[in-house]
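Below are the chains, spelled out letter by letter.
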Amino acid sequence: MKQPVPLAAISASLVAGVLLASNLLLAQEKPGDGSDDEVRTYIEMLRSDVNTTKIRTLNEVMKLTGPEAEKFWPVYRRYEQELGEVSNRKLGLIREFTSRHFEGTLNDQSAKNLAERWLKNTQERLNLWKKYHRQLSKAISPVRAAQFLQVEHQIALFVDLNIAAEMPAVEAKAPSRP
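Since the structure is predicted, the reported quantities are computational estimates derived from the model, not experimental observations.

**Considering the overall build of the protein chain**
And step 1. Across its full length, the protein chain holds five helices and zero strands.
And step 2. Tracing the protein chain from N to C terminus, the helices and strands come up as α-α-α-α-α.
And step 3. Going through the 178 residues of the protein chain one by one, you find that 38% of them count as buried.
And step 4. Put simply, of all contacts in the protein chain between residues at least 6 apart along the chain, 75% involve residues at least 24 apart.
And step 5. Accessible surface for the protein chain amounts to roughly 10900 Å². Of this, 58% is attributable to carbon and sulfur atoms.

**A short note on unusual backbone geometry**
And step 1. Non-glycine residue Lys63 carries a positive phi angle of around 45°.
And step 2. Position of Lys63 among the secondary structure elements: in the loop between helix H2 (36-62) and helix H3 (66-103).

**So, the pattern of salt bridges**
When their charged atoms lie close together, side chains carrying opposite charge are able to pair.
And step 1. On inspection of all chains with the given rule, the structure shows nine salt bridges.
And step 2. Glu82 is paired through a salt bridge with Lys131; the nearest N and O atoms lie 2.9 Å apart. In this pair, Glu82 sits in helix H3 while Lys131 sits in helix H4 (residues 108-139), placing the two residues 49 residues apart along the sequence.
And step 3. Classification of Glu82 by relative accessible area gives partly exposed; the value is 24%.
And step 4. For Lys131, a relative accessible area of 29% puts it in the partly exposed group.
And step 5. Residue Arg117 is joined to Glu96 by a salt bridge in which the shortest nitrogen-to-oxygen separation is 2.6 Å.

**Let's talk about the nonpolar core**
And step 1. Grouped together as the largest cluster of nonpolar side chains are 24 residues, with contacts concentrated most on Leu58, Met62, Phe72, Tyr76, Tyr79, Leu136 and Phe148.
And step 2. Those elements giving two or more residues to this core turn out to be H2, H3, H4 and helix H5 (142-166).
And step 3. Ranked by the residues each element gives to this core, the list is headed by H3, at eight residues.

**Some thoughts on the packing of aromatic side chains**
And step 1. On inspection of all chains with the given rule, the structure shows eight aromatic pairs.
And step 2. Judged by centre distance (5.7 Å) and plane angle (20°), the ring pair of Phe72 and Tyr76 falls under stacked. Here Tyr76 and Phe72 lie together in helix H3, a separation of four residues that amounts to about one turn. Here the two residues Phe72 and Tyr76 agree in accessibility, since each one is buried.
And step 3. Ring centres 5.4 Å apart and planes at 70° place the aromatic pair Tyr79 and Tyr132 in the edge-to-face group. Taken as a pair, Tyr79 in helix H3 and Tyr132 in helix H4 lie far apart in primary sequence, 53 residues in all. As far as burial versus exposure is concerned, Tyr79 and Tyr132 are alike and both buried.
And step 4. Clustering of aromatic rings is evident, with ring pairs tying together Phe72, Trp73, Tyr76, Tyr79, Tyr132 and Phe148.

**Thoughts on the confidence of the model for the protein chain**
And step 1. On average, the protein chain scores 80 in pLDDT, and the residues at 70 or more come to 73%.
And step 2. In the model, residues 28-32 has pLDDT below 50 throughout and makes 11 contacts with residues more than four positions away in sequence or in other chains.

**Some words on the environment of Pro142**
And step 1. With respect to the helices, strands and loops of the structure, Pro142 is situated in helix H5.
And step 2. What makes Pro142 exposed here is its relative accessible area of 56%.
And step 3. Dropping the residues within four chain positions of it, Pro142 is found in contact with His133 and Ser137.

**Focus: the environment of Leu58**
And step 1. Inspection of the secondary structure assignment puts Leu58 in helix H2.
And step 2. Distance in space between the C-alpha atoms of Leu58 and Val151 is 6.8 Å, their sequence separation being 93 residues.

Rules and cut-offs
For every chain, the first residue of the written sequence is number 1, and numbering continues from 1 along that sequence. Where local features are concerned, this predicted model is filtered to residues with pLDDT of at least 70; where side-chain atom pairs are given and counted, the filter is 80 or more; whole-chain, interface and lining totals use all residues. To obtain the side-chain values, all non-hydrogen atoms of the structure were included, while hydrogens and water were left out. A run of H or I in DSSP becomes a helix once it reaches four residues, and a run of E becomes a strand once it reaches two; helices and strands are each numbered from the N terminus. Relative accessibility under 20% of the residue-type maximum defines a buried residue, over 50% an exposed one, and the middle range a partly exposed one, all with a 1.4 Å probe and only protein chains included. Two residues form a contact once any of their heavy atoms are found within 4.5 Å. Computed by Shrake-Rupley with a 1.4 Å probe, the accessible areas treat only the displayed protein chains as cover when residues are assessed. Just to be clear on terms, a salt bridge is a Lys or Arg side-chain nitrogen sitting within 4 Å of an Asp or Glu carboxyl oxygen. What is meant by a nonpolar core is a set of buried Ala, Val, Leu, Ile, Met, Phe, Trp, Tyr and Cys residues, joined one to another through side-chain atoms within 4.5 Å. Classification of ring pairs uses Phe, Tyr and Trp, with its six-membered ring standing for Trp, and accepts pairs whose centres are within 6.5 Å; under 30 degrees between planes counts as stacked, over 60 as edge-to-face, and the remaining range as tilted. Residue-level confidence of the predictor is what pLDDT reports, using numbers from 0 through 100.

Laid out in structure tokens, this is it:
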């Protein structure tokens with residue numbers, strides 16, 4: 001009987017990269033730290049490392065046959081392209097939040113707006129998973145689609161948890177008195 005794929009299958013380089021990117025992203029928002037170009041370059045390098053790790057993990061878990069691989073990888077490339085767009089929007093939200101946090105400009109209106117956009121972004125990722133789960137179910141099989149979804153979900157949880165651990169807490173300000 002096959003054992004489930006633990007999060008431990010995700011390489012140490014992914015762990016280190018996510019932590020460094022989180023710190024770099026958050027540190028960049030502090031006045032005088034890092035440039036946009038440096039952050040952008042580092043995030044692109046991290047994405048490349050994450051994608052390499054994901055591909056390696058998918059290969060290890062799925063063990064696709066030749067015909068399955070011919071159907072899977074073109075679909076996966078389209079998925080990664082769309083996921084990149086969703087991830088860019090998420091990074092923008094993280095940067096806006098950390099900037100407002102460090103500047104002390106996070107008020108009720110901006111917090112509400114950020115929360116609504118964050119929830120929309122989370123739903124976009126779920127919708128993307130649904131879309132590509134359906135496509136892979138039809139192209140290969142529901143079991144292969146479920147394997148893909150399991151690996152993607154585990155990696156997303158891992159990345160999200162590491163970013164969340166580095167994010168500053170939302171602080172409530174005392175209401176102003178008339």
